[in-house]
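Secondary and tertiary structure notes
Each chain, letter by letter, is given below.
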Amino acid sequence: MIKLPDCLEYEEIPLDKRYRSNLKGLLTRIRKLYEAIEDRFGEEGLQLIRQVSIDYGQEIARRVRSRQGDMDLQQVGLFLVKIFNGMRSDGEVTEWTDDRFVITVPKCPYPFTRPQTCAAHTAMEVALVKGLNPALDYTIEKCIPRGDEECWHVLKRGK
């Protein structure tokens, strides 16, 4: 925190409200940076976003596997919930079986407007899931930037 001289005062915003507001601003800024990269560099820019996302997903997977070892579908699904909750995402787990785990999100936290930007960004989740359990697949079956009313983040057993 920034220390103020005794003669200066300002109203302290509660941590939860401050965190939510700051995070929303940062996520919007990330989206705008992605769009600027895509606008400037086209497909090469999207590939850069995709590769950085993949590298980051693989890095997270290595750290998590070193601590937790092998993870089944439900454990990977709950780890994704932990990530979504860290991003203050609204939504719910709408399906959980031995073969499928679905997180439904009514509003994009970033908020993406371009499906190709969303796909490049979520390469992180694809890489993360594969790194945590190579037998699993991660897809977005419904996607707000593609015109759907909500996003369905789906984890399922690979074929």
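Just above, that's the structure.
Think of each chain on its own: its residues are numbered from 1, step by step along the sequence as written. With pLDDT at 70 or above as the cut-off, local features in this predicted model cover only qualifying residues; side-chain atom pairs require 80 or more to be listed or tallied, and sums for whole chains, interfaces and linings still use all residues. Based on all heavy atoms of the structure, the side-chain values leave hydrogens and waters out of the count.

If DSSP finds at least two bridges between two strands, the strands pair. Strands here mean DSSP runs of E at least two residues long; helices mean DSSP runs of H or I at least four residues long; both are numbered from the N terminus. Strand order in the open sheet formed by four strands is β1-β2-β4-β3, with antiparallel pairing between adjacent strands. If you trace the sheet from one side to the other, it starts and ends with β1 (92–96) and β3 (136–142), each paired once. Each neighbouring strand pair of the sheet contributes to a mean axis angle of 20°, computed without reference to strand direction. Of the strands in this sheet, β1, β2 (100–105), β3 and β4 (151–157) are in contact with helix α3 (residues 73–86), which crosses β2 at around 15°. Lying on the sheet, helix α5 (residues 123–132) is in contact with β3 and β4; it crosses β3 at an angle near 150°. Only C-alpha atoms enter the line fits that serve as axes; for helices the fit covers just the stretch in contact. Angles between N-to-C directions range over 0 to 180 degrees. Residue contacts follow a heavy-atom distance rule, with two residues in contact if any of their heavy atoms lie within 4.5 Å.

Attention now goes to a nonpolar patch on the surface. Two distance rules govern patches: like charges are joined within 9 Å, and nonpolar side chains (Val, Leu, Ile, Met, Phe, Trp, Tyr) within 5 Å, applied only to residues with over 30% relative accessible area and no salt bridge. Using a 1.4 Å probe, the Shrake-Rupley method yields the accessible areas, and only the shown protein chains count as cover for residues. Salt-bridge detection follows one rule: a side-chain nitrogen of Lys or Arg within 4 Å of a carboxyl oxygen of Asp or Glu. Taken together, Ile-2, Leu-4, Leu-8 and Tyr-10 make up a surface patch of nonpolar side chains, about 440 Å² in accessible area. For Leu-8, the location among the structural elements is in the segment before α1 (15–41).

Below, the discussion takes up the environment of Phe-41. Its location among the elements puts Phe-41 in helix α1. Distance in space between the C-alpha atoms of Phe-41 and Gly-57 is 23 Å, their sequence separation being 16 residues.

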